[in-house]
Amino acid sequence: MTSDHSAVLGAVPDNLFVAGRWRASSSGATLDVRDPSTGEIVKSIADATPADGMAALDAADAASATWAGVPARERGELLRRAFDMLQERKEEFALVMSIEMGKPIAEARGEVAYGGEFLRWFSEEATRVQGRYGPNPEGTGRMVVSQHPVGPCFLITPWNFPLAMATRKIAPALAAGCTVVIKPAALTPLTTLLFAKLLQDAGLPDGVVNVVTTSTSSALSSPIIGDPRLRKLSFTGSTSVGQKLLAQAAQNVLRTSMELGGNAPFVVFDDADLDKAVDGAIAAKFRNIGQACTAANRFIVHRSIVDAFTRRVTERVNGFNVGRGTEPDVSIGPLIDDDAVAKNEALVADAVSRGAGLVTGGNRIDRAGSFFAPTVLTDITAGSDILREEIFGPVVAIVPFDTEDEAVALANNTEYGLVSYVYTESLSRGQRMIDRLATGMMGLNVGVVSNAAAPFGGWKMSGLGREGGAEGIHEYLQTKYTLTASHFG
């Protein structure tokens, strides 16, 4: 990249965004944001206190009724302006994401395109919220079913997709007529701050979106969730944290959307097109350096083709260019921090100790930053931690199978149910897998399923609710039924 990093980072606000104003933390404290490629601090920003969080909720509550009364067309046009402005500034956003999260710049550009689609999609969905009207069965009145904004929302986003996770939550909330407080992850808050500035430039009214960045997530979040003015909680992150938030949300019976952990199976049958399967495997595993809830975790491959599949995947993996994401031609960047590296080391070591074969990689790369070598493991045995835990790193874990029933049992042998991937040239088998695999999403002969026009979400311990698609806006709406008399007067 030839861009001036300091100039781009200098354009990112370093304060909280509350009631339309950029303000310092009430304590004056700051938190440091680091580049995982180098470990160096790239920017210091305001570190919000619980009082700051409540000020943000105050602002969202104060703006709630007015924003709900704004015509849907106007709300949609604001989102469309934001979409257009994002396209104009895509290089700036991509560079900020690559710096703070480490993803290769090409993938960061892809995230700008993907994240922007939520703005465009929900700008269109804003005017499509519908109800029902008709006589009741008894003929004594008319039934009116209408949809209304749920009210102020608290949105908690993860570090791995800093823009897309923000737009995926903010866009439907605004389209539905809700105001929001958003808390981005402390590891990657800069993109959300920059996006809030873009919304402000697009004409967003004061208080409709409020951003609080903090190093003390629980302390800030608890009083917001406990306040009766809050009516909606949306969280993307680990299942363990999601369970705690659900318990807190139960006290005020909040509407909740939870996009939690994954343990995606990638099933390759003996009749699969092997070239397509390998391409899909690389996309499903190594997108975002493997740090995605949709990343393929367990590669369940028919025994008759497992050696050929392993060989081809390993050739591709050994050809990766590992380096700082902002550098040209880099395909694998760093993991988010040293804890992530340690987790990948431990999962690989456990699998090898139980008999897995280490084909390539498996180690921390000896250089500045949090780099882990792209890895291929074969013959993973039952009981290995890597089959139960979400890897969140560049590790391919291969398990052979013999029969379709065995493949299904292996794929479903997890508490999670976010997404699955299946490669087969048999139409009937593909249909059976749609019916038999217990996941909320599935890629059939494709390795990437995410799309703003599709409902994103999982089954079992992978969460509640859906983001994106026609379903996404309904997570921010509540239904009212009115019975009117047949005759007035």
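Quick notes on the rules
Residues numbered from 1 in each chain as written. Predicted model: local features only at pLDDT ≥ 70, side-chain atom pairs only at ≥ 80, totals over all residues. Heavy atoms only, no water. Salt bridge = Lys/Arg side-chain N within 4 Å of Asp/Glu carboxyl O. Helix = DSSP H or I, 4+ residues; strand = E, 2+ residues; numbered from the N terminus. Buried < 20%, exposed > 50% of the residue type's maximum accessible area, 1.4 Å probe, protein only. Pairing = 2+ DSSP bridges. Axes fitted to C-alpha atoms, helices over the stretch in contact; angles between N-to-C directions. UniProt positions renumbered as here; feature names shortened; annotations may be inferred. Core = buried A, V, L, I, M, F, W, Y, C linked by side-chain atoms within 4.5 Å. Contact = heavy atoms within 4.5 Å. Phe/Tyr/Trp six-rings, centres within 6.5 Å; stacked < 30°, edge-to-face > 60°. Lys, Arg positive; Asp, Glu negative; His and termini not counted. Polar contact = N/O pair within 3.5 Å; in protein donor to acceptor, adjacent residues only side chain to side chain. Arc of directions from axis to C-beta. Domains from an automatic or database assignment. Buried area = accessible area lost by both parts, 1.4 Å probe. Right-handed = clockwise from strand over helix to strand, strands pointing away.

1. Notes on the pattern of salt bridges
As enumerated under the stated definition, the model contains 29 salt bridges in all. The salt bridge partner of Asp-58 is Arg-229, with a shortest N-O separation of 2.8 Å. Here Asp-58, found in helix α2 (residues 50-68), pairs with Arg-229, found in the loop between α8 (217-226) and β10 (232-236); they are 171 residues apart in sequence, far enough to count as distant. Take Arg-229: its relative accessible area is 27%, and that puts it in the partly exposed class. A salt bridge links Arg-316 to Asp-279, with the shortest nitrogen-to-oxygen separation between them at 2.8 Å. Highlighted residues: Arg-316 in helix α11 (residues 306-318) and Asp-279 in helix α10 (residues 274-286), separated in sequence by 37 residues. A relative accessible area of 36% places Arg-316 in the partly exposed class.

2. Looking at the sheet that holds strand β22 (residues 477-485)
Strand order across the open sheet formed by 3 strands is β5-β6-β22, with antiparallel pairing between neighbours. Looking at which strands have only one partner, the edges of the open sheet turn out to be β5 (132-135) and β22. Strand-to-strand, the axes of this sheet are offset by a mean angle of 15°, without reference to chain direction. Note: β5 against strand β6 (residues 141-149), 4 bridges, orientation antiparallel. Opposite Tyr-133, over in β6, you have Val-144 as the bridge partner.

3. What about the UniProt feature "domain: Aldehyde dehydrogenase" (unreviewed entry) in the protein chain?
Here the UniProt feature "domain: Aldehyde dehydrogenase" (unreviewed entry) sits at residues 22-481. In the segment residues 22-481, helix accounts for 40% and strand for 20%; the C-alpha atoms at its two ends are 41 Å apart.

4. So, the nonpolar core
Ranked by internal contacts, the top residues of the largest apolar core, which has 65 residues, are Phe-93, Leu-119, Ile-170, Leu-174, Phe-195 and Val-209. Ignoring sequence-local partners within four residues, the contact set of Phe-195 consists of Phe-93, Leu-119, Leu-163, Thr-167 and Ile-170. One finds Phe-286, Ala-351, Ile-386 and Val-399 within the second-largest nonpolar core, a separate group that totals 55 residues.

5. Notes on the packing of aromatic side chains
Under the criterion given, the structure shown has 9 aromatic pairs. Centroid distance Phe-266 to Tyr-421: 5.8 Å. Interplanar angle 35°. Geometry classified as tilted. Of this pair, Phe-266 sits in strand β12 (residues 264-268) while Tyr-421 sits in strand β18 (residues 419-423), and the two are 155 residues apart along the sequence. Per residue, the accessibility class of Phe-266 equals that of Tyr-421, and both read buried.

6. Some points on the side chain of Lys-285
With respect to the helices and strands, the residue Lys-285 is situated in helix α10. Glu-390 provides the closest opposite charge to the buried, unpaired Lys-285, separated from it by 8.8 Å. Polar contacts involving the side chain of Lys-285 include one to the main-chain carbonyl oxygen of Val-395, which spans 3.1 Å. Other than its neighbours up to four places away in sequence, Lys-285 contacts Gly-290, Ala-295, Ala-296, Asn-297, Phe-299, Ile-391, Gly-393, Val-395 and Val-396.

7. Considering the sheet that holds strand β15 (residues 375-378)
One open sheet holds the 7 strands; their spatial order is β14-β15-β16-β13-β12-β18-β19, and the pairing between them is mixed. The sheet is open, and its two borders are formed by β14 (357-360) and β19 (441-444), each paired with just one other strand. Going from strand to strand, the sheet's axes swing by 20° on average, the running direction of each strand aside. Alignment of strand β13 (residues 296-302) against strand β16 (residues 395-401), held across 4 bridges, turns out to be parallel. Directly across from Val-301, in β16, lies its bridge partner Pro-400.

8. Details of the UniProt feature "active site" (unreviewed entry) in the protein chain
Sequence positions flagged by UniProt for "active site" (unreviewed entry) are, in local numbering, Glu-259. Here Arg-168 takes part through its side chain, which lies 3.4 Å from a polar atom of the side chain of Glu-259.

9. Observations regarding helix α14 (residues 404-412)
By the burial criterion, the buried members of α14 are Glu-404, Ala-407, Val-408 and Ala-411. Each buried residue of α14 sits inside an arc of 100° when the element is viewed along its axis, so together they form one side. At its buried positions, α14 is contacted by β12, β13, β16 and α15 (427-436).

10. Some words on the side chain of Asp-350
Counting through the fold element by element, Asp-350 comes out in helix α12 (residues 338-353). A polar side-chain atom of Asp-350 sits 3.0 Å from a polar atom in the side chain of Arg-354. One polar contact links the side chain of Asp-350 to the main-chain amide nitrogen of Asp-385, over a distance of 2.9 Å. With near-sequence residues (within four places) excluded, Asp-350 lies in contact with Ser-384 and Asp-385.

11. Quick look at the domain arrangement of the protein chain
The assigned domain composition of the protein chain is domain 1 (3-260 + 462-480) and domain 2 (264-444). Distance between the C-alpha centres of domain 1 and domain 2: 31 Å. The interface of domain 1 with domain 2 comprises 26 residues on the first partner and 28 residues on the second. Together, the buried faces of domain 1 and domain 2 total about 2100 Å²; carbon and sulfur atoms form 57% of this surface.

12. Description of the pairing of β19
Along any regular strand the residues' side chains alternate between the sheet's two faces. Residues Met-441 and Gly-443 point to one face of β19 and are all buried, whereas Met-442 and Leu-444, pointing to the other face, are not buried. One ladder, built from 4 bridges, connects β18 with β19; its direction is parallel. Of the residues in β19, the one forming a bridge with Val-422 is Leu-444. Once the chain exits β18 it traverses α15 before rejoining the sheet at β19, and the crossover so formed is right-handed.

13. Details of the environment of Arg-80
Take Arg-80: it is sitting in helix α3 (residues 72-88). Through-space distance from the C-alpha of Arg-80 to that of Trp-121 is 8.8 Å; in sequence the pair is 41 residues apart.

14. Some points on unusual backbone geometry
The residue Asn-288 is not glycine, and still its phi comes out positive at about 60°. Within the secondary structure layout, Asn-288 lies in the loop between α10 and β13. Residue Asp-379 is not a glycine yet carries a positive backbone phi of 55°. Here Asp-379 is to be found in the loop between β15 and α13 (385-388). The exposure class of Asp-379 is partly exposed, given its relative accessible area of 44%.

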